[in-house]
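Each chain is listed here by its residues.
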Amino acid sequence: MVKHRVYSKYAQETAFLIGQQIKLARKTRKWSSANLAERAGITRETLQRIENGDMKTAIGLVFEVATIVGVPLFTEDRQQLSNNLELIQSKIELLPQRIRTQRKVVDDNF
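What you are looking at is a predicted structure, and each value in this text was computed from that prediction instead of being measured. (Residues numbered from 1 in each chain as written. Predicted model: local features only at pLDDT ≥ 70, side-chain atom pairs only at ≥ 80, totals over all residues. Heavy atoms only, no water.)

## Considering the overall build of the protein
Here is the rule: Secondary structure is summarised from DSSP: a helix means a run of H or I of at least four residues, a strand means a run of E of at least two, and numbering begins at the N terminus for each. The reference for a compact globule is 2.2 Å times residues^0.38; the radius of gyration itself is calculated from the C-alpha atoms. Contact between two residues is taken to exist if any of their heavy atoms lie within 4.5 Å; hydrogens are not considered. In these tables, accessible area is a Shrake-Rupley quantity obtained with a 1.4 Å probe, and a residue counts as shielded only by the protein chains included in the view. The charged-residue count follows a simple rule in which Lys and Arg add positive charge and Asp and Glu add negative charge, with His and chain termini not counted at all. Charge placement uses NZ in Lys and CZ in Arg. For Asp and Glu, CG and CD serve respectively.
When you go through the protein residue by residue, the secondary structure sums to 5 helices and 0 strands. Walking the protein from its N terminus toward its C terminus, one meets helices and strands in the order α-α-α-α-α. Relative to the globule expectation of 13 Å for 110 residues, the C-alpha radius of gyration of the protein, 20 Å, shows a markedly less compact shape. The dimensions of the protein, computed from C-alpha atoms along their principal axes, are 75 × 45 × 20 Å. Of all intrachain contacts in the protein linking residues separated by at least 6 positions in sequence, the fraction that spans at least 24 positions is 56%. For the protein, the computed accessible surface area is about 9700 Å², with 54% contributed by carbon and sulfur atoms. Each charge class in the protein was averaged separately, 18 positive and 12 negative side chains, and the resulting centres sit 5 Å apart.

See below:
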């Protein structure tokens, strides 16, 4: 039995948006899909799935292709990206390493 993963509409639209941004940047640079796929080290079919917002495509591939064509992922300023990463990591360090769910005590004494 194959499990079918259901994605939220927001996630699907986001994947499609970044795919379309990649497609626009590729066409603006006058690169063929075969050219960009070769530069990224992927097949043309994988690039087409990325540009169509396929949710099963590895996120690392999507980020790499976006970087190659110049689509900013979070911010265009690399220093700001590094600063944001450091800030998030310092916040994570302040939080507990393990999250334990609290067990509720059932009061069945009526």
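## Concerning helix H5 (residues 78-94)
Where we set the bar: In a helix, the anticipated span is given by 1.5 Å times the number of residues less one. Think of a polar contact as two N or O atoms within 3.5 Å of one another; within protein, one of them needs to be a possible hydrogen donor and the other a possible acceptor, and neighboring residues in sequence only count if both atoms come from side chains.
For H5, which comprises 17 residues, the first-to-last C-alpha distance of 25 Å matches the rise-based estimate of 24 Å (1.5 Å per residue) to within 8%. Its side-chain oxygen at 3.2 Å from the backbone nitrogen of Gln 79, Asp 77 defines the N-terminal cap of H5.

## Brief notes about the packing of aromatic side chains
Describing an aromatic ring pair means giving the distance of the ring centres and the angle of the ring planes. So the rule is basically this: Two rings from Phe, Tyr or Trp (for Trp, the six-membered ring) form a pair when their centres are within 6.5 Å of each other. A pair whose planes differ by under 30 degrees is stacked, one over 60 is edge-to-face, and the rest are tilted. Counting as a charge over the ring demands two things of the Lys NZ or Arg CZ atom: a distance within 6 Å of the ring centre and an angle within 35 degrees of the ring normal.
Going through the model one piece at a time under the given rule, you end up with 0 aromatic pairs. Sitting above the plane of the Trp 31 ring, Arg 29 keeps its charged end 5.9 Å from the centroid. A cation over an aromatic ring shows up here: Arg 39 above the ring of Trp 31, its NZ or CZ 3.9 Å from the ring centre.

## A short note on the nonpolar core
The cut-off we apply is this: To define a nonpolar core, start from buried Ala, Val, Leu, Ile, Met, Phe, Trp, Tyr and Cys residues and group those joined through side-chain atoms within 4.5 Å. Per-residue accessibility, obtained with a 1.4 Å probe over protein chains only, is compared with the maximum for each type, and a residue is labelled buried under 20%, exposed over 50%, and partly exposed between these values.
With 15 residues, the main nonpolar core has Ile 22, Leu 36, Ile 42, Val 65 and Val 69 as its most contacted residues. Counting only elements with at least two residues in this core, the list comes to helix H1 (9-28), helix H2 (33-40), helix H3 (44-51) and helix H4 (59-69). Ranked by residue count, the leading element in this core is H4, at 4 residues. Ignoring anything within four residues of it in the chain, the contact list for Val 65 reads Ile 22, Leu 36, Ala 40, Ile 42, Leu 47 and Ile 50.

## Focus on a nonpolar patch on the surface
For clarity, the cut-off: Every patch collects residues that have over 30% relative accessible area and no salt bridge, joining them within 9 Å if they carry like charges and within 5 Å if they are nonpolar side chains (Val, Leu, Ile, Met, Phe, Trp, Tyr). We count a salt bridge whenever a side-chain nitrogen from Lys or Arg sits within 4 Å of a carboxyl oxygen from Asp or Glu.
On the surface, Ile 59, Phe 63, Leu 73, Phe 74 and Leu 81 cluster together into a nonpolar patch covering about 490 Å² of accessible area. Of note, Ile 59 is situated in helix H4. Overall, Ile 59 belongs to the exposed group, its relative accessible area being 58%.

## Overview of H2
Operational definition: Our arc is simply the arc of the directions from the helix axis toward the C-beta atoms.
Along H2, the residues classified as buried are Ser 33, Leu 36, Ala 37 and Ala 40. The arc enclosing the buried residues of H2, seen along the axis, measures out at 100°, which places them on a common side. Immediately beyond the C-terminal end of H2, within one or two residues, lies Gly 41, with a positive phi of roughly 75°.

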